[in-house]
Amino acid sequence: MTGLSENEQLKQRILHLENLLEELGKKIPRDFFEHFLVGIIQTDLNSGELKYANKIVLNVLGFDNLEEMREKYSILESYTEPGGREKMIRLLKEKGSLENYELNIYDGKGQKRTLLYSAYLDRKENIINGVIVDITPRKKGETLLQESEEKYRLLFDHMSSGFVLGELIMDDQGKAYDIKVLEINEAFKEIVNFPGDIINKTLREMVPQMKEELIIQLANVGLTGRPFTIERYSRRTKKHFRIHTYSPKPDQIAVILDDITLRKEAENELKQQKKKLEKQTRELAELIATKDKFFTIISHDLRNPFNTILNLCTLLKQHQKFYQPEELDKFIDLLNESASKGYNLLENLLNWSRSQTNQINIVPVRFDISFIVDLNIELMKQAASVKNIELHSAIDRKMYVHADEDMINTVIRNLLSNAIKYTHENGKVSIYAEDANEHVVVSIKDNGIGMVPEDLQNLFRIDVSKVRPGTSNEKGTGLGLIICKEFIEKNGGKIWAESRLKKGSIFYISIPKAKVV
């Protein structure tokens, strides 16, 4: 080849190789190709006529032998896409060969198959020599996988629950320090309403106010694989969330987020309704107890003093001339005592009924509490003297309060009467008052019989029977304390008591203090 150009030398070498390949093809029998693991096929470039196909090709296309395939199968008509063969021939003519070309054809049963086709063009003989590999199962798998991924993405993007996938960020000591967001769905964006894109951002960046222990708790899911579910309230979004976490694989954490605000609001509403129902139940029980107490007083306690008065009056009318003056004085004292008891009870009943029906008009005025106390001590002197009980006021003058004077007067009278009733002969009842910021606290202390804790706890409940006779067997209804509580609370104050059995009791009332003028 001396004297030939480099280009001419290359052409000569190619021609020599082609001749060698042609000779080799003549020497190798066709049966040699029957043992290949891939399909070998030869077709005419122009007509598409089948020249040769090994057993692999026949099996792929569904034929028993080459003659049957030639008789029943047309390469030209097997392409699934119009112009498919023309496109393949054009590429083959341009390049001279094809490598791993995806060929979609119909087999002998009309089923679509995908072949991986490699071929070279014998330009002299116009023969296409091809190798095929049936990748139909793989393509079906890829299609199913693609469909599955599309379904997953569709579900992922349209699920109502928020979803976020994150990976752990470790510190220098190999401990989980933070979580980086890898993927989120649309629902998560809407629920948390974070501004901007949060992909690749960390939890600490997004929620700097999140508690350290919650971050570590979330990170530990990726370390241990143990899921957990919690409920949290977000001040930023003003929403309640249910957070379920799990680890899809090591060092990753998935969070499913549900907005449970409506459920929480419904639960809170249910709790409020329950409390309201419980309150109504208590009020109904008190109403029933009030009715029972009313009929008890009317049928028994109110009749007793008037029966005494009527009986004494009958005796005096029928036998007055037989009684001595000192006996008549005793009758008069008994009449006075019974009339006073009946009047006090009747007044309490009237006050109570007016209070129950909201018929009492509260008229707050500025007055000196010491005058009200002194007035009631004077009224109670006779009752106290019968048992030789000392009444003592330690209240300074000019201790001004702002309340309904008549109602406070009723309260002081009832508490003072009770103290006398439950104090032994030769006992003592003392009244004090002290300045307590915006209130004046009046205390009435006796050294009487006292109470057990259970009685003390039920003092101001009308639905619990707590009537006890006095030290001289005085009768009572327990209505006076109920009136005291209602009157004090209507004036913006409070009432409470302390007591020890056989040691005495102290009743306290707080009354709003009058402003300095």
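One can find the structure itself at the top, above this paragraph.
Now for a quick tour of the structure. (Residues numbered from 1 in each chain as written. Predicted model: local features only at pLDDT ≥ 70, side-chain atom pairs only at ≥ 80, totals over all residues. Heavy atoms only, no water.)

1. Digging into the sheet that holds strand 1 (residues 39-44)
Then, in step 1: The antiparallel open sheet is built from 5 strands, whose spatial order is 2-1-5-4-3. Taken across any chain shown, the strands that pair with only one partner, and hence form the sheet edges, are strand 2 (50-53) and strand 3 (97-106). Averaged over all neighbouring strand pairs, the angle between strand axes comes to 30°, with direction disregarded.
Then, in step 2: As paired elements, strand 1 and strand 2 share 3 bridges and run antiparallel to each other. Pairing of isoleucine 41 across the sheet is with alanine 53, part of strand 2. (Pairing = 2+ DSSP bridges. Helix = DSSP H or I, 4+ residues; strand = E, 2+ residues; numbered from the N terminus. Axes fitted to C-alpha atoms, helices over the stretch in contact; angles between N-to-C directions.)

2. Digging into the pattern of salt bridges
Then, in step 1: Under the defined criterion, the tally for this structure stands at 17 salt bridges.
Then, in step 2: A salt bridge links lysine 239 to aspartate 259; its shortest N-O distance comes to 3.9 Å. Of this pair, lysine 239 sits in strand 9 (residues 239-246) while aspartate 259 sits in strand 10 (residues 252-259), and the two are 20 residues apart along the sequence.
Then, in step 3: By relative accessible area, which is 23% here, lysine 239 ends up partly exposed.
Then, in step 4: Lysine 264 serves as the salt-bridge partner of glutamate 267, at 3.7 Å between the closest nitrogen and oxygen. Separated by 3 residues within a single helix, glutamate 267 and lysine 264 lie in helix 9 (residues 261-301), roughly one turn from each other.
Then, in step 5: Here the salt bridges share partners, and the residues they tie into one network are Glu231, Arg263, Lys264 and Glu267. (Salt bridge = Lys/Arg side-chain N within 4 Å of Asp/Glu carboxyl O. Buried < 20%, exposed > 50% of the residue type's maximum accessible area, 1.4 Å probe, protein only.)

3. Some thoughts on the sheet that holds strand 14 (residues 428-436)
Then, in step 1: With mixed pairing, the 5 strands of this open sheet are ordered in space as 12-14-15-17-16. Strands with a single pairing partner mark the edges of an open sheet, and in this sheet they are strand 12 (390-393) and strand 16 (494-500). With strand direction ignored, the average angle separating the axes of adjacent strands in the sheet is 15°.
Then, in step 2: In terms of strand pairing, strand 16 meets strand 17 (residues 504-512) through 7 bridges, oriented antiparallel. In the sheet register, alanine 497 faces strand 17, and the bridge partner there is phenylalanine 507.
Then, in step 3: Contacts from helix 13 (residues 405-421) reach strand 12, strand 14, strand 15 (439-446), strand 16 and strand 17, with the element oriented near 20° to strand 15.
Then, in step 4: Sitting on the sheet, helix 15 (residues 479-490) touches strand 16 and strand 17, and the angle it makes with strand 16 is about 140°. (Contact = heavy atoms within 4.5 Å.)

4. Considering a nonpolar patch on the surface
Then, in step 1: Together, Leu284, Leu287 and Ile288 line one region of the surface with nonpolar side chains, adding up to about 290 Å² of accessible area.
Then, in step 2: With respect to the secondary-structure elements, isoleucine 288 resides in helix 9.
Then, in step 3: Under the relative-accessibility criterion, isoleucine 288 is labelled partly exposed at 41%. (Patch = residues over 30% accessible without salt bridge, like charges linked within 9 Å, V, L, I, M, F, W, Y side chains within 5 Å. Areas by Shrake-Rupley, 256 points an atom, 1.4 Å probe, with all protein chains shown as cover.)

5. Side note on unusual backbone geometry
Note on backbone geometry: most residues besides glycine have negative phi, and most peptide bonds are trans.
Then, in step 1: Its identity is not glycine, yet aspartate 251 carries a phi of approximately 70°, on the positive side.
Then, in step 2: For aspartate 251, the location among the structural elements is in the loop between strand 9 and strand 10.
Then, in step 3: Residue aspartate 251 is classed as partly exposed on the basis of its relative accessible area of 41%.
Then, in step 4: Backbone geometry at lysine 398 places phi at a positive 60°, although glycine is not the residue there.
Then, in step 5: Owing to a relative accessible area of 65%, lysine 398 belongs among the exposed residues under this scheme.

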